[in-house]
Amino acid sequence: MLEQISKKTGLTQTELKISLFIVLVFLIGLTYKLIFNQKDTVPFQKFDYTKEDEEFYNSGKDTSSINNKKSDDKEVDYKQEVLDFNSQSFDNIQKKTLPAEKSIYLNSATVEELVNLPGIGAKTAQKIIDYRDKHKRFRNINELLNVKGIGEAKLAKIKKYIFID
């Protein structure tokens, strides 16, 4: 019988057996629910929140003083506010001094010179030098795109500081 159904439906006998099993389990579950369904469900309880709502709305009536405080034009030193929350001292941090335009010759630049470029750290500078050593020299500034860590955006930032013969 399964063989005939299999030919008509295009399903294998195994697929038919699994489908029949699923349908059978579904029907048994449905029958069990209909016959033995007990009403053990808890009815919804109705809560009255009018007292809590009234307290909430009454406590919010005195917001005029809060709104006036917000509208005061008060100068805030945001930098100092942020530093107040930070336990670290920023006095020791050295800012990058950007080089002059077209001041770094890419084919002889050192790591220290390359690190001064915006967005270039020590690792990326070393990767630039490694690429230069491997390929003997840069023939075009756009070759920097072949260096891992340098994309279009970073190249656009540093292009004005570097030059090639």
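Residues numbered from 1 in each chain as written. Predicted model: local features only at pLDDT ≥ 70, side-chain atom pairs only at ≥ 80, totals over all residues. Heavy atoms only, no water.

Student: Looking at this model, I keep getting lost on the packing of helix H1 (residues 2-9) against helix H2 (residues 13-36). Mind explaining?
Tutor: Relative placement of two packed helices is described by the angle separating their axes and the distance separating the axes. The interhelical angle for the contact between H1 and H2, taken along N-to-C directions, is 100 degrees, at an axis separation of 9 Å. Classified by the angle between their axes, H1 and H2 sit roughly perpendicular to one another. Along its contact with H1, which presents Leu 2, Glu 3, Ile 5, Ser 6 and Thr 9, the element H2 presents Gln 13, Leu 16, Lys 17 and Leu 20. Classifying every residue of the contact of H1 with H2 by side-chain character gives 4 nonpolar, 3 polar and 2 charged. (Axes fitted to C-alpha atoms, helices over the stretch in contact; angles between N-to-C directions. Helix = DSSP H or I, 4+ residues; strand = E, 2+ residues; numbered from the N terminus. Parallel < 35°, antiparallel > 145°, perpendicular 65-115°, else oblique. Contact = heavy atoms within 4.5 Å. Nonpolar A, V, L, I, M, F, W, Y, C, P; charged D, E, K, R; others polar.)

Student: Teacher, can you tell me more about the confidence of the model for the protein here?
Tutor: Taken residue by residue, the protein gives an average pLDDT of 82. The fraction at 70 or more is 79%. Here helix H4 (residues 64-71) is the element of the protein with the lowest mean pLDDT, 49, and helix H7 (residues 122-134) is the one with the highest, 94. Ignoring residues within four places in sequence, the model shows residues 65-71, a span with pLDDT below 50, making 0 contacts including any to other chains. (pLDDT = per-residue confidence, 0-100.)

Student: Sorry, what's going on with a negative patch on the surface here?
Tutor: Where like charges cluster on the molecular surface, the negative patch consists of Asp 48, Glu 52, Asp 53, Glu 54 and Glu 55. If you trace the backbone, Asp 48 turns up in the loop between H2 and helix H3 (50-59). With a relative accessible area of 59%, Asp 48 lands in the exposed category. (Patch = residues over 30% accessible without salt bridge, like charges linked within 9 Å, V, L, I, M, F, W, Y side chains within 5 Å. Areas by Shrake-Rupley, 256 points an atom, 1.4 Å probe, with all protein chains shown as cover. Salt bridge = Lys/Arg side-chain N within 4 Å of Asp/Glu carboxyl O. Lys, Arg positive; Asp, Glu negative; His and termini not counted. Charge placed at Lys NZ, Arg CZ, Asp CG, Glu CD. Buried < 20%, exposed > 50% of the residue type's maximum accessible area, 1.4 Å probe, protein only.)

Student: Just checking my understanding: could you explain the side chain of Glu 143 for this structure?
Tutor: Within the secondary structure layout, Glu 143 lies in the loop between H7 and helix H8 (152-158). Glu 143 has contacts with Tyr 131, Arg 137 and Phe 138, leaving out every residue within four places of it along the chain.

Student: Help me out: how do you make sense of the packing of aromatic side chains in this one?
Tutor: We describe a pair of aromatic rings using the distance from one ring centre to the other and the angle between the two ring planes. Applying the stated criterion to the full structure yields 4 aromatic pairs. Pairing Phe 56 with Tyr 57 gives two aromatic rings, centres 5.4 Å apart and planes at 65 degrees, and the pair type is edge-to-face. Judged by relative accessible area, Phe 56 falls into the exposed class, the value being 55%. (Phe/Tyr/Trp six-rings, centres within 6.5 Å; stacked < 30°, edge-to-face > 60°.)

Student: Would you take a moment to explain H7 for this structure?
Tutor: In an α-helix, one turn spans 3.6 residues; hence positions three or four apart end up facing the same way. For H7, spanning 13 residues, the distance from its first C-alpha to its last is 18 Å, which sits close to the expected 18 Å at 1.5 Å a residue. Of all the residues in H7, the buried ones are Thr 124, Ala 125, Ile 128, Ile 129, Tyr 131 and Arg 132. Seen along its axis, H7 keeps its buried residues to an arc of 160 degrees; they face one direction. Opposite its buried face, H7 presents the exposed residues Ala 122, Lys 123 and Lys 134, each directed more than 90 degrees away. Buried residues along H7 sit against helix H6 (111-115). Looking at the residues trailing H7, positive phi occurs at Lys 136, about 75 degrees. (Expected span 1.5 Å × (residues − 1). Arc of directions from axis to C-beta.)

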